[in-house]
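As a plain string of letters, each chain reads:
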Amino acid sequence: MSKRKIIIDTDPGQDDAVAILLALASPDEIELLGITCVAGNVPLDLTAKNARMICELANRTDVPVFAGCDRPLGRNLVTAEHVHGRSGLDGPDLPEPVMELRQPHAVDFIIDTLRSESNGTVTLCPIGPLTNIATAFNNAPDIIDKVHEIVLMGGAYFEVGNITPAAEFNIHVDPHAAKCVFRSGAPITVMPLDVTHKALVTKPRNDAFRSLGTSVGTAVAQMTDFFERYDREKYGSAGAPLHDPCVIAYLLRPDLFSGRHINVEIETTSELTMGMTVADWWRVTDREPNAYFVGDIDADGFFDLLTERLARL
Ligand code: RIB
Ligand code: CA
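Residues numbered from 1 in each chain as written. Chains lettered and ligands numbered in written order. Predicted model: local features only at pLDDT ≥ 70, side-chain atom pairs only at ≥ 80, totals over all residues. Heavy atoms only, no water.

(A) Up close: the coordination of the calcium ion (ligand 2). Within the protein, Asp11 (OD), Asp16 (OD), Asp16 (OD), Ile127 (O) and Asp244 (OD) serve as the donor atoms for the calcium ion (ligand 2), at 2.2 to 2.6 Å. Read in sequence order, the donor residues for the calcium ion (ligand 2) give the motif D-x4-D-x110-I-x116-D. One end of the pair, Asp16, is in helix α1 (residues 14-24); the other, Ile127, is in the loop between β4 (122-126) and α5 (131-139), with 111 residues separating them in the sequence. In terms of burial, Asp16 and Ile127 fall into one category: buried. (Donors = N, O, S within 2.8 Å, 3.2 Å for Na, K, Ca; no water. Helix = DSSP H or I, 4+ residues; strand = E, 2+ residues; numbered from the N terminus. Buried < 20%, exposed > 50% of the residue type's maximum accessible area, 1.4 Å probe, protein only.)

(B) Inspection of helix α2 (residues 44-57) at higher detail. With 14 residues, α2 should reach 20 Å at 1.5 Å per residue; the first-to-last C-alpha distance of 20 Å fits that figure. Extensive coverage of α2 is indicated by the burial of 11 of its 14 residues. Inspection of α2 places Leu44, Thr47, Ala48, Asn50, Ala51, Arg52, Met53, Ile54, Cys55, Glu56 and Leu57 among the buried residues, and these make up the whole buried set. Asn59 sits one or two residues past α2 and shows a positive phi near 55 degrees. (Expected span 1.5 Å × (residues − 1).)

(C) Structural context of helix α9 (residues 203-210). Within α9, the full set of buried residues consists of Arg205, Asn206 and Phe209. Projection of α9 onto a plane perpendicular to its axis shows the buried side chains occupying an angular sector of 100 degrees, all on one side. Exposed residues lying more than 90 degrees from the buried face of α9 are Lys203 and Pro204. Looking at the buried positions of α9, the neighbouring elements they touch are β7 (200-201), α10 (215-235) and α12 (299-310). (Arc of directions from axis to C-beta. Contact = heavy atoms within 4.5 Å.)

(D) Just unusual backbone geometry, in detail. With omega at 10 degrees, the peptide bond leading from Gln103 into Pro104 counts as cis. Within the element layout of this structure, Pro104 appears in the loop between α3 (81-84) and α4 (106-116). Despite not being glycine, Asn59 has its phi angle at roughly 55 degrees, a positive value. For Asn59, the location among the structural elements is in the loop between α2 and β3 (65-67).

If you want it as structure tokens, here you go:
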């Protein structure tokens, strides 16, 4: 498998942190060109701080981290401290970051990278609201054709919403950005709640993280211990759903996942269903398929992969 060049666009978030660690633990398959931060789970200053704390936890201060958009394209920012805690990374007690943010603005880093790398060689991995990606596409439409693939965490169909009855958080925060990305024509693979709610950190799985006996293993166990409260209370889940790491695991082992190539449109007018991903799973419309929408996962295989990789850090 040739190395895949990726940019992770993120709003850390405990599950974002695990996704970043999984990518950093897989240098033979993944070349992480940079981490671009966006406002989402918590405001931008915190997501940009948390991303650097995660790189330092993994001893990878060489990875450039950029700050991006601090609010959605056309709505007020909605954050999720009730899920992730005030810091956005509650659970472990990580030191303040020493590494600096890099210039330029994250949107310009995305544009410059896609223009300078060979066409079709860069994968965008958005695991937060799509504000940075949509802004890059709007500012520089020429880069859309240069994207190899967008593999994103967001949306839901059978699972419906986790922040409103109709919408998943990442899409709900910036539905206009999501509409831009889903209509861009770039190849898209979607990890919706339908699949991420099957990737639950049960106690044995959390114990396996802790048993690694490393600072990374312990921190991940503490993050998922904290992060599971919301889903346990709301859904009665058996553990924290590892939403964002599904994106990186798909790059490493696509065979662990299955889905359908279907049409997905984004609600941007009705306040009642704002940010809903209207996924034509049963192909009842003649709308063109625009996304590979993932519905299932080999959860044991996923956690075996994740735990084995985290042990390398
Ligand atoms: O709905 C789950 C998504 O929202 C994840 O990306 C999580 O980090 C939050 O951003
Ligand atoms: Ca996220």
